[in-house]
Structures are given as C-alpha cells and as structure tokens.
Amino acid sequence: MDSSKKTSDNAVLEQNTRFWPTGWWRILDNYKVGIIPLPFFIFAGLLIFTEVFLGDKLPSDIVVMVVTCAFFGFLCGEFGKRLPIVGKMGAAAICATFIPSALVFYKILPEPIVTATTSFYKSTHILYLYICCIIVGSIMSMDRNTLIKGFLKIFGPMLCGEIVGMLTGVLIGTLLGLSPSYTFFFLVLPIMAGGVGEGAIPLSMGYASILGMQQGDALGQVLPIVMLGGLTGILCAGVLNRIGKKYPHLTGNGKILPAGDADNVSLHAKIEVTNDVTTFASGVLLATMLYMVGMILHKLIGLPAPIGMLFAAILVKLTSAVSPKVLSGSQVVYKFFQTSVTYPILFAVGVAITPWQRIVDAFTITNIIVILSTVISLVTTGFFVSKKMGMYPIDTAVISCCQSGQGGTGDVAILTAAERMELMPFAQIATRIGGAINVSLSLLILGNFLSYINPLS
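Let me begin by describing the structure that accompanies this report. This one's a predicted model, so the numbers in the text were calculated from it and none came from an experiment. The residue numbers shown here count from 1 along each chain, following its written sequence. Only residues with pLDDT of 70 or above have their local features reported here, since the model is predicted, and side-chain atom pairs are shown and tallied only from 80 upward, although totals for entire chains, interfaces and linings are computed over all residues. Working from all heavy atoms in the structure, the side-chain values ignore hydrogens and water.

### A few points about the packing of helix α8 (residues 144-153) against helix α15 (residues 305-318)
Then, in step 1: Relative orientation of the contacting elements α8 and α15 amounts to 140°, with a least axis distance of 9 Å. Here α15 runs oblique to α8, going by the angle between their axes. Judged by the sense of rotation from one axis to the other, the crossing of α8 with α15 is left-handed. For the pair formed by α8 and α15, the contact residues are R144, L147, I148 and F151 on the first element and L310, I314, K317 and L318 on the second.
Then, in step 2: Side-chain classes follow a simple rule in which Ala, Val, Leu, Ile, Met, Phe, Trp, Tyr, Cys and Pro form the nonpolar group, Asp, Glu, Lys and Arg form the charged group, and the remainder, Gly included, forms the polar group. Grouping the constituent residues of the contact of α8 with α15 by class yields six nonpolar, no polar and two charged. Axis angles are defined between N-to-C directions and span 0 to 180 degrees, where every axis is a line fitted to C-alpha atoms and, for a helix, only to the segment in contact. Think of it this way: any DSSP run of H or I at least four residues long counts as a helix, any run of E at least two long counts as a strand, and we number them from the N terminus. Any angle that is under 35 degrees is reported as roughly parallel, and any over 145 degrees as roughly antiparallel; angles of 65 to 115 degrees are reported as roughly perpendicular and all others as oblique. Handedness of a crossing follows from how the near helix is turned relative to the far one, being left-handed for an anticlockwise turn of less than a right angle and right-handed for a clockwise one. Two residues qualify as a contact provided that any one of their heavy atoms is within 4.5 Å of a heavy atom in the partner residue.

Right under this line is the structure:
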C-alpha cells in the first residue's frame with residue numbers, strides 16, 4: 001500500500017513540475033496585464049499589428065475593437081499603475097486617457113488603429129452602454145433608504161463646494177492680473193460646466209450669441225479648461241483614495257453615509273450574488289431598457305438621457321419592481337464593466353475625443369494656478385461640509401471631484417482613480433444636473449448684465 005501511494009504521489013509531483021500543461025496554466029493565472037493573462041496579451045498585440053501591416057487597415061467591427069481597446073487600454077493603465085508615487089494617486093486613469101491622445105498627436109499610434117478606434121467609438125456610442133450598466137448596477141446595489149437619504153444630503157456639500165470654488169477661482173485670477181468676469185466665464189465656469197457635450201459646447205454657443213464671438217473660437221478657449229479641470233479632478237480623486245486608505249474611518253469605500261446607520265445596508269449582505277448566465281443577461285437588458293427610458297424622457301422634456309435613466313432606475317429600486325435575483329444580476333453586470341471595460345473605454349476616449357494639442361496649449365502658469373485653486377477649494381469644501389453633515393468625507397469629496405469632471409468620461413476616470421465606481425449615480429447628479437444649472441444660470445446672468453460684466457472688455 002505504501003509503495004503504491006508513493007508511486008501515486010510521485011506521479012502527481014511529476015505532473016505539477018511539468019511545464020505543459022500545469023506550468024503553462026500557472027503563467028496564465030499568475031502573470032497578467034490588467035485582467036489579461038500575459039501570453040494572451042502578447043498574442044493580442046501580435047494579432048493587431050499583423051492585421052495592420054498585412055492589410056494596411058484595421059476593421060472597426062466590435063470583435064476586432066474588443067481586442068484592440070483591451071490591449072492598449074490595459075497596457076496604458078498598467079503603465080500608470082507602476083509609476084512611482086503617482087501610480088497610487090490615479091495615474092492609471094490619466095495614462096489610459098492621455099497617453100493615447102499624445103500617441104495620436106505625435107503620430108506614434110498607427111493610423112489604421114486611430115481610424116478604426118475613432119469610428120468604433122463614435123458609431124457605437126459604447127460609452128453610453130458602459131455608463132448605463134454602471135449606474136443601474138450601482139443603484140440596484142444600494143439600500144432603498146440609503147438612496148433617499150444620500151440623494152437628499154449630497155446637494156449640501158455640492159452647493160457649498162461650488163460657491164467656495166467659484167469665489168476662490170475668481171479671487172486668485174484677479175490677484176494674477178485677470179479681470180474677474182474673464183476669470184469666471186472662461187476659466188472657472190468651464191471647470192464646473194459638466195464636461196464637453198453638456199458644458200463646453202452649450203457655453204461656446206451662448207458666448208457666440210451673447211458676446212458676438214465665433215463659436216469655434218469660444219470652444220477653442222473653453223474646451224482645454226474643461227479638460228485640465230477634469231485632469232485636476234482625477235489627481236484629487238487619487239489623493240483622496242490614498243488618504244482613505246491611510247485613515248479608514250474617513251471613508252465608506254463607496255458609500256456616503258456611515259455604516260452605523262441602520263438603513264445603510266448593502267445589497268451584498270442581503271442578496272446572494274448569482275453566476276447564472278440568464279440573470280446576468282437580465283441585468284444587462286434592465287440597464288439598457290432604462291437607458292431607453294432616459295432617451296424618451298430627453299425627447300419629451302429635454303432631461304439629459306443619463307439623468308432620466310438614473311431617475312427611472314431609482315423608481316424601479318424604490319418600488320421593488322424587479323426581483324432580488326435580477327438585482328443580483330445587475331450587480332454582476334456592474335462588477336464586469338467596472339473591472340473589464342473601464343480601461344478599454346478610456347483608451348477609446350483618449351484616441352477619439354481628447355485633443356492633445358489643446359490640452360498642451362492651455363498649460364499656462366496662470367491657467368494652472370486658477371484651475372488648481374478652484375478644484376482644490378471645491379473638493380476641500382465638500383470634504384469638510386460633508387463631515388459636518390455626518391457623511392463620509394472622502395467619498396463625498398470624490399463626488400465633488402466629479403463636479404470638475406469632463407462629463408461622463410470624466411466621471412469614469414475620476415471614480416476609477418478613486419477606486420469608487422459605486423458612486424457613479426451621485427457623480428452623474430454632480431456632473432449633469434450641477435453642470436446644466438451652472439451653465440444656464442451663468443448665461444442668463446451674462447445676457448442680462450452684459451454691459452456690466454463683459455468678460456472681453
């Protein structure tokens with residue numbers, strides 16, 4: 001018996017020490033770039049460049065783009081993570097977005113990859129699928145009472161942060177020799193305007209109409225400030241994440257209300273997460289249907305589609321309109337998109353809609369000082385006001401960072417840097433609603449009091 005057992009143990013030991021297949025499996029499981037096993041990552045790169053050099057063109061269909069965006073997105077993200085010091089302060093999200101933009105500008109990234117990625121991003125609107133799955137999954141993971149209390153409380157730190165941020169930015173700009181009106185309308189307001197589509201473009205249209213500028217000229221001045229404000233927000237979010245890890249009592253790790261609140265119970269504790277494929281599919285379908293509800297609301301009443309979807313998702317959650325099993329499926333969908341799609345999406349954003357030269361042109365000392373002072377005062381105010389209100393200051397301050405973000409893409413980058421994608425519903429409120437209010441009120445004031453506050457005079 002002993003000899004047969006020894007023979008069996010030796011056979012198992014020999015099997016485990018062989019390169020094929022157990023050694024190969026260990027390489028696949030233990031060496032990764034992002035979520036991609038290293039051999040798969042190398043093979044993906046070979047496939048992409050072989051396709052480019054053999055055909056001088058890269059198809060923009062979803063099959064090829066999944067491989068392409070995953071390869072470059074996780075490569076840039078991994079590079080950012082491994083940078084000393086800043087690697088732990090949000091550099092991964094910054095690198096995944098801005099390195100591709102620089103590669104495009106300096107013509108280092110092959111043109112077929114740029115063309116295919118841009119075509120795929122703009123034709124599929126893949127960012128909307130990402131955001132709707134993240135938002136719906138986040139909301140379905142919250143307790144009903146937490147939803148109500150959180151959304152009611154979050155407006156206090158947001159409002160105080162905006163007021164202090166605006167006053168600080170205008171004061172610093174004035175001290176640096178700029179006129180107060182120019183500082184506000186061309187530096188401070190674009191930071192809090194809600195991104196490009198909902199912020200920079202409406203602002204440029206308003207400025208063209210009220211100030212008699214060409215819209216292209218106005219957009220050229222506003223857009224770089226929006227992007228630098230978003231970049232500063234990413235850096236602040238990374239710093240907040242490090243502070244939260246050093247002082248864990250200041251953070252709820254994705255929750256804005258204290259864990260001691262009896263109502264603040266996560267779905268994780270209530271519902272067993274299922275790996276059933278049909279439940280996962282139900283979660284995806286729920287997210288996309290709710291986004292379509294948002295699209296219809298946009299056509300009917302002008303409400304931005306992501307905000308309409310957010311309100312619809314809250315209504316579904318509060319009325320218990322879907323079963324715990326479907327809620328669990330939404331949670332799995334959220335986790336999948338958070339871990340597997342974020343960096344590929346940021347790569348596509350960097351290639352398709354992030355103009356490197358405009359960002360570089362805006363890097364003047366005056367602009368940087370005003371932007372830094374505005375965003376830091378905005379975030380700091382959110383931190384201390386939320387602490388006074390009995391909220392988690394780190395997580396609420398991360399939402400304040402999103403007030404300076406570059407729209408939906410900025411929210412993704414900021415929450416990635418903060419490692420708190422669960423806050424996406426609150427981030428959308430800060431970006432979409434907060435930005436729309438800022439732009440509307442400011443243009444209304446500018447139009448009615450132009451003779452007193454003309455920023456070009």
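### Details of unusual backbone geometry
Across residues other than glycine, the phi torsion is negative in most instances, and most of the peptide bonds are trans.
Then, in step 1: Despite not being glycine, H125 has its phi angle at roughly 50°, a positive value.
Then, in step 2: At S320, a residue that is not glycine, the phi angle is positive and equals roughly 55°.
Then, in step 3: Structurally, S320 can be placed in the loop between α15 and α16 (324-340).
Then, in step 4: Buried, partly exposed and exposed residues are distinguished by accessible area as a fraction of the type maximum, computed with a 1.4 Å probe on protein chains only: under 20%, between the cut-offs, and over 50%, respectively. Judged by relative accessible area, which is 51%, S320 ranks as exposed.

### A short note on the packing of helix α4 (residues 62-81) against helix α6 (residues 111-124)
Packed helices, taken two at a time, are described by their axes: the angle between them and the distance between them.
Then, in step 1: In the contact formed by α4 and α6, the axes pass within 11 Å of each other and the chain directions differ by 110°. Taken together, the axis directions place α4 and α6 in an arrangement best described as roughly perpendicular. Our pair here, α4 against α6, has a crossing hand that is left-handed. Here I62, M65, T68, C69 and F72 of α4 come into contact with α6, specifically with I113, A116, T117 and F120.
Then, in step 2: Looking at the contact of α4 with α6 residue by residue, the class counts come to seven nonpolar, two polar and no charged.

### Re the pattern of salt bridges
Then, in step 1: Should a side-chain nitrogen of Lys or Arg be within 4 Å of a carboxyl oxygen of Asp or Glu, the pair is scored as a salt bridge. In this structure the tally under the stated criterion is three salt bridges.
Then, in step 2: Note that E419 and K245 form a salt bridge whose closest N and O atoms lie 3.3 Å from each other. With E419 in the loop between α21 (407-418) and α22 (424-448) and K245 in helix α12 (residues 215-246), this pair connects stretches of sequence that are 174 residues apart.

### Some remarks on the side chain of T183
Then, in step 1: Mapped onto the elements of the fold, T183 is located in helix α10 (residues 180-191).
Then, in step 2: Take T183: its relative accessible area is 0%, and that puts it in the buried class.
Then, in step 3: Beyond its immediate sequence surroundings of up to four residues, T183 is in contact with G169, V170, G173, T174, L178, V188 and V370.

### Side note on the packing of aromatic side chains
Then, in step 1: Stacked, tilted and edge-to-face are the three classes applied to pairs of Phe, Tyr and Trp rings, where Trp contributes its six-membered ring and a pair requires centres within 6.5 Å; stacked means planes under 30 degrees apart, edge-to-face means over 60, and tilted covers the rest. Under the counting rule described, the total for this entry stands at 17 aromatic pairs.
Then, in step 2: Relative to Y291, the ring of Y128 has its centre 5.8 Å away and its plane inclined at 20°; by these criteria the two rings are stacked. Here the residue Y128 occupies a position in helix α7 (residues 126-140), and Y291 occupies one in helix α14 (residues 277-301), the gap between them amounting to 163 residues.
Then, in step 3: Taking relative accessible area as the criterion, Y128 reaches 36% and is therefore assigned partly exposed.
Then, in step 4: The exposure class assigned to Y291 is buried, which follows from its relative accessible area of 12%.
Then, in step 5: Taking the centre distance of 6.4 Å and the plane angle of 80° together, the rings of F185 and Y207 count as edge-to-face. With F185 in helix α10 and Y207 in helix α11 (residues 196-211), this pair connects stretches of sequence that are 22 residues apart.
Then, in step 6: Y207 gets classed as buried once you look at its relative accessible area, which sits at 0%.
Then, in step 7: Each residue in the set F41, F49, F53, F71, F72 and F347 is aromatic and connected to the rest through ring pairs, giving one cluster.

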